[in-house]
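Given next are the chains, with one letter for each unit.
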Amino acid sequence: MTEEKLQALLQEALARAGAEAGEGEAEFTVPPDASHGDLTTNAALVFAKKLGADPRKLAGDIARALRGAPGTTAVDVAGPGFVNVRLADEVILNAITEALRRGDDYGRSELGRGAKVQVEFVSANPTGPLNAVNARAAAYGDALARLLEFTGYDVEREFYVCNVGTQMDLLGRSVRARLLELLGETGEQAEIPEGGYRGEYVKTIANALYEQGKISAEDGHEKIGQAAAEEILAGQKRDLEDFRVRFDNWFYEDLLYRENKIPKTLDILASRGTSYEKDGALWLRTAAAGDDEDRVVVRADGRPTYFLTDIAYHLDKYERGFAKVVDVLGPDHYGHVKKLQAMATLLALPGGWLEVIISQQVNLLEGGEKVKMSKRAGALVTMREVMDDIGVDAARFFFLMRSPSSHLDFDFELARMQTPENPVYYAQYCHARVESIKGEAGEEWAAAPPEKADLGELDLPEERSMARAIWEFPKAVEAAATRREPHRLTTYATGLAALFHNYYHHHRVLQAPTAAKAQARLALARAVGQTVKNALRLLGVSAPSRM
RNA sequence: GCGCCCGUAGCUCAGCCGGAUAGAGCAGCGGCCUUCUAAGCCGCCGGCCGCAGGUUCGAGUCCUGCCGGGCGCGCCA
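Residue numbers restart at each chain and count upward from 1, following the sequence in its written direction. Written order decides the labels, with chains lettered from A and ligands numbered from 1. The predicted origin of the model limits local features to residues at a pLDDT of at least 70 and limits the giving and counting of side-chain atom pairs to 80 or more, whereas totals for whole chains, interfaces and linings rest on all residues. Note that water and hydrogens are dropped before the side-chain values are worked out from all heavy atoms of the structure.

### A short note on the overall build of chain A
Reasoning step 1: To qualify as a helix, a DSSP run of H or I must reach at least 4 residues; to qualify as a strand, a run of E must reach at least 2; elements of each kind are numbered from the N terminus. From N to C terminus, chain A includes 20 helices and 14 strands.
Reasoning step 2: Principal-axis analysis of the C-alpha atoms gives chain A an extent of 85 × 60 × 40 Å.
Reasoning step 3: Buried residues are those whose accessible area, probed at 1.4 Å on protein chains only, stays under 20% of the maximum for their type, while exposed residues exceed 50% and partly exposed ones sit between those limits. Looking at chain A residue by residue over its 547 residues, the buried ones come to 52%.
Reasoning step 4: Throughout, a residue-residue contact means that at least one pair of heavy atoms, one from each residue, lies within 4.5 Å. Put simply, of all contacts in chain A between residues at least 6 apart along the chain, 73% involve residues at least 24 apart.
Reasoning step 5: The method behind every accessible area is Shrake-Rupley, applied with a 1.4 Å probe, and residues are considered shielded solely by the protein chains displayed. As displayed, chain A has an accessible area near 24,800 Å², and 48% of this comes from carbon and sulfur atoms.
Reasoning step 6: All tallies of charge rest on Lys and Arg as positive and Asp and Glu as negative; His and the ends of each chain are not included. Positions of charges follow a simple convention, taking NZ of Lys, CZ of Arg, CG of Asp or CD of Glu. Of the side chains in chain A, 66 bear a positive and 81 a negative charge, and the two mean positions are spaced by 3 Å.

### Looking at the protein's contact with RNA strand B
Reasoning step 1: The environment of RNA strand B is formed by 61 residues, the closest being Arg299, Arg402, Ser436, Arg483 and Asn502.
Reasoning step 2: Definition of nearness: a residue and a molecule or strand are near each other if at least one heavy atom of the residue lies within 4 Å of the molecule or strand. When atoms of RNA strand B within 4 Å of the protein are sorted by moiety, sugar and phosphate together comprise 63%.
Reasoning step 3: Within the backbone of Asp409, a nitrogen or oxygen atom sits 3.0 Å from a phosphate oxygen of RNA strand B.
Reasoning step 4: Polar contacts, as counted here, are pairs of nitrogen or oxygen atoms within 3.5 Å of one another; within protein the pair requires one atom able to donate a hydrogen and one able to accept it, and residues that are adjacent in sequence qualify only if both atoms are side-chain atoms. Taking His487, its side chain carries an N or O atom lying 3.0 Å from a phosphate oxygen of RNA strand B.
Reasoning step 5: The class makeup of the residues in the surface near RNA strand B is 23 nonpolar, 24 polar and 14 charged. For this scheme, ten residues count as nonpolar: Ala, Val, Leu, Ile, Met, Phe, Trp, Tyr, Cys and Pro. Four count as charged, namely Asp, Glu, Lys and Arg, and the remainder, Gly too, count as polar.

### Here's the deal with the domain arrangement of chain A
Reasoning step 1: Note that the domain bounds were set by an automatic or database domain assignment. You can read the domains of chain A as domain 1 (2-87), domain 2 (166-242) and domain 3 (420-538).
Reasoning step 2: Centre-to-centre separation of domain 1 and domain 3, based on C-alpha positions: 30 Å.
Reasoning step 3: At the junction of the two partners, domain 1 supplies 10 residues and domain 3 supplies 5 residues.
Reasoning step 4: Reported buried area values correspond to the accessible surface (1.4 Å probe) lost by two parts on association, with both partners' losses combined. Between domain 1 and domain 3, the buried area comes to about 620 Å², and carbon and sulfur atoms account for 41% of it.
Reasoning step 5: Among the residues of domain 1 in contact with domain 3, Glu3, Val30 and Asp38 are the three that bury the most area, contributing 63% of the side total.
Reasoning step 6: Any carboxyl oxygen of Asp or Glu within 4 Å of a side-chain nitrogen of Lys or Arg constitutes a salt bridge here. Remark: the boundary between domain 1 and domain 3 carries 3 salt bridges.
Reasoning step 7: Here Asp38 and Arg468 are joined by a salt bridge, their closest N and O atoms 2.9 Å apart.

### A look at the packing of aromatic side chains
Reasoning step 1: Only the six-membered ring of Trp is used, alongside the rings of Phe and Tyr, when aromatic pairs are assigned; centres must lie within 6.5 Å, and planes under 30 degrees apart are stacked while those over 60 apart are edge-to-face, with the rest tilted. Considering all chains together, one arrives at 12 aromatic pairs under this definition.
Reasoning step 2: Taking the centre distance of 5.0 Å and the plane angle of 40 degrees together, the rings of Phe398 and Phe410 count as tilted. Of the two residues, Phe398 is situated in helix α14 (residues 392-401) and Phe410 in strand β14 (residues 408-411); the sequence distance between them amounts to 12 residues.
Reasoning step 3: Accessibility expressed as a relative area gives 7% for Phe398, which makes it buried.
Reasoning step 4: Through successive ring pairs, a cluster of aromatic residues spans Phe121, Phe159, Phe247 and Trp250.

### A word on the nonpolar core
Reasoning step 1: Ranked by internal contacts, the top residues of the largest apolar core, which has 121 residues, are Ile62, Leu66, Ile96, Phe243, Phe399, Phe410 and Leu489.
Reasoning step 2: The two domains that each donate at least three residues to this core are domain 1 (2-87) and domain 3 (420-538).
Reasoning step 3: Contact partners of Phe410, with chain neighbours within four places excluded, come to Val362, Asn363, Leu364, Leu365, Val386, Ile390, Phe398, Phe399 and Ala415.
Reasoning step 4: Counting residues in hydrophobic clusters, the runner-up holds 31 residues, among them Leu269, Leu284, Leu308 and Met343. Residues enter a nonpolar core if they are buried and are Ala, Val, Leu, Ile, Met, Phe, Trp, Tyr or Cys, with the set joined through side-chain atoms within 4.5 Å.

### Overview of a nonpolar patch on the surface
Reasoning step 1: Together, Leu182, Leu183 and Tyr210 make up an exposed nonpolar region whose accessible area comes to about 260 Å².
Reasoning step 2: Locating Leu183 in the fold gives a position in the loop between α6 (166-182) and α7 (200-211).
Reasoning step 3: Under the relative-accessibility criterion, Leu183 is labelled partly exposed at 36%. Residues with no salt bridge and a relative accessible area higher than 30% make up the patches, which join like charges within 9 Å and nonpolar side chains (Val, Leu, Ile, Met, Phe, Trp, Tyr) within 5 Å.

### Some remarks on the sheet that holds strand β8 (residues 281-284)
Reasoning step 1: Taking strand neighbours across the sheet as the criterion, the 3 strands line up as β7-β8-β9 in an open arrangement whose pairing is antiparallel. Strand pairing shows two members of the sheet lacking a second neighbour, β7 (275-278) and β9 (295-298), which therefore form its edges. Sheet twist, expressed as the average angle between the axes of neighbouring strands with direction ignored, equals 45 degrees.
Reasoning step 2: A pair of strands is treated as paired once DSSP finds two or more bridges between them. As paired strands, β8 and β9 are joined by 3 bridges and run antiparallel to one another. Paired with Leu282 across the two strands is Val298, which belongs to β9.
Reasoning step 3: To obtain an axis, a line is fitted to C-alpha atoms, over the contacting stretch when the element is a helix, and the angle between two such axes runs from 0 to 180 degrees between their N-to-C directions. This element, helix α11 (residues 306-319), spans β8 and β9 of the sheet and lies at about 80 degrees to β9.

### Details of the environment of Ala300
Reasoning step 1: Of note, Ala300 is situated in the loop between β9 and α11.
Reasoning step 2: Between the C-alpha atoms of Ala300 and Gly442, which are 142 residues apart in sequence, the distance is 76 Å.
Reasoning step 3: Excluding anything up to four places from it in sequence, Ala300 contacts Asp279, Gly280 and Ala281.

### Topic: the sheet that holds strand β6 (residues 249-252)
Reasoning step 1: The sheet built from 5 strands is open, its strands ordered β6-β5-β4-β10-β11 with parallel pairing. The outermost strands of the open sheet, each flanked by one partner alone, are β6 and β11 (354-358). The mean angle between the axes of side-by-side strands here comes to 25 degrees, regardless of whether they run parallel or antiparallel.
Reasoning step 2: The pairing of strand β5 (residues 154-161) with β6 spans 4 bridges and is classified as parallel. Paired with Val161 across the two strands is Tyr252, which belongs to β6.
Reasoning step 3: Of the strands in this sheet, β4 (116-120), β5, β10 (324-329) and β11 are in contact with helix α5 (residues 132-150), which crosses β5 at around 160 degrees.
Reasoning step 4: Along the sheet face, helix α8 (residues 221-242) touches β5 and β6 and points at about 155 degrees away from the line of β6.

### Points about the pairing of β4
Reasoning step 1: Along β4, 4 of the 5 residues are buried, which leaves the element largely enclosed by surrounding structure.
Reasoning step 2: Pairing geometry for β4 and β5, over 5 bridges, is parallel. Residue pairing across strands places Val119 opposite Arg157, the latter belonging to β5.
Reasoning step 3: By definition, the crossover connecting two strands over a helix is right-handed if that path, from the first strand to the second, turns clockwise as seen with the strands pointing away from the viewer. In this view, the connection linking β4 to its parallel neighbour β5 by way of α5 has right-handed handedness.
Reasoning step 4: The pairing of β4 with β10 spans 4 bridges and is parallel. Within the sheet, the bridge partner assigned to Val117 lies in β10 and is Lys324.

### Comments concerning the pattern of salt bridges
Reasoning step 1: What the rule picks out here adds up to 42 salt bridges.
Reasoning step 2: Note that Arg521 and Glu463 form a salt bridge whose closest N and O atoms lie 3.1 Å from each other. Separated by 58 residues along the polypeptide, Arg521 in helix α20 (residues 515-539) and Glu463 in helix α18 (residues 461-482) bring together distant segments of the chain. By the burial criterion, Arg521 is buried, and Glu463 matches it.
Reasoning step 3: The salt bridge partner of Glu485 is Arg483, with a shortest N-O separation of 3.6 Å.
Reasoning step 4: Owing to a relative accessible area of 51%, Arg483 belongs among the exposed residues under this scheme.

The following block contains the structure:
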């Protein structure tokens, strides 16, 4: 309410000064330093240049326009021309009431207006167990999906299963080789093919499938590969579920073939005049759409490339009616980004429809020593090992602390050692502590409606800081969602937890000087607990009541 | 060679699409448990934001060029 009013007043002031402020050009932000107020705008600095005016003077004009607005207590010009607004305590403290009233929905918004959005992530080949890189993508994609849901989008989580092609072929041959080896054969057939899968799990699967009677030595590699892929995929699903990641849709690549999507896609490409033949192959004019060069979609021998199935896949997504699609790809797909965007341009898909995010690599360290991550190298650290070793909560939090674009060093030894000091426990403990206080307070009191407390009793600076942080939460959620950066919430959660832990050690909640104060403090504590819980939930991290 | 990502405290990373004295965790040093959980709190130490230019009122943030680390560049997926 107050903020909308301020925004309107700011626009008016700028208009009076002769400036046209477009959407998002003149905005208020929350200064990190509370001594600069609760809301600040640099509009005077931005527009002074355009108007050829003195920034301090323009700031003064803006400040005059804002001064006295309901819900504010001070409007000042500071520094080179910032306009700082301090909100009335009631406005800030009201966030406590809001948080308690809305509960698990505190921070939820209608930003997305129900638009259908798809987030595709992990999408590993069914040729081996999920590894730590997949785990990071899983944590990221799921958190992003949660954020988008929470900000009013209709979100679908999709996993693309590449169950066609060379890698499947190699899997079948590899498993068959291990099977023959198990049965005592020594010939060429019992050798893992060039580029095949050498991991221990291949033996395990060959053995298991054989004992279940699902495969035999007489079976060809196609049948064996299919059986193995099913087994592996089932394992991936289990891993993901235990990691608290659930997909709405598992899209099998072979569906594109079964539904004849490939020739249809070729027709579309041809009709748009975006493809041409050269050297017996069919090429797409991706260079004309921002890619470095044109790309082959059908090889000279008639087989489609992976790129072509990818185009068919994305056309399918478009036909399914998503207003926006986010692809979370692994670091090994970096080379795809340009191709995919070029494809979107060539197909005249709406601008910004396809968003590609690379979830960067994970350098796994064990006591400072690098662990090889390549699937084909055989030695790998699985998602399962990560979970079992440091726990789902800590793992998810750890993966989400960094921005997706930066490489991540994940030292197991360190993660294990740090466990007691891990930021995730710090944030969780904040929630547990509030629950503990509620338990001590007794059921009736702890569940009292926030309206019963006189929040005006909260007159300590620390109390206002916490209320301000709670007030800021919806903005933090919005920023994290809009910028696709869940890691902002890890920072937020630990920040709020720090404020509370500090407060806890200096002031008594229940044994406050007066009963009225105690009630107000309890409401504040409950609001903190609720907000931390909401932040953690968006990250897919649990908020235990006892630790 | 071309392209992308990253260089911020001893270590791992934040830094809100140019803003006000650059933050946190860990590590190190020193304090704090008769209290609603010490998985906590308080204090100290610690930074030519890789280097050099440029853009402007203002640069860790944007541009250019180097240096260093990583990754991607196939009629593979």
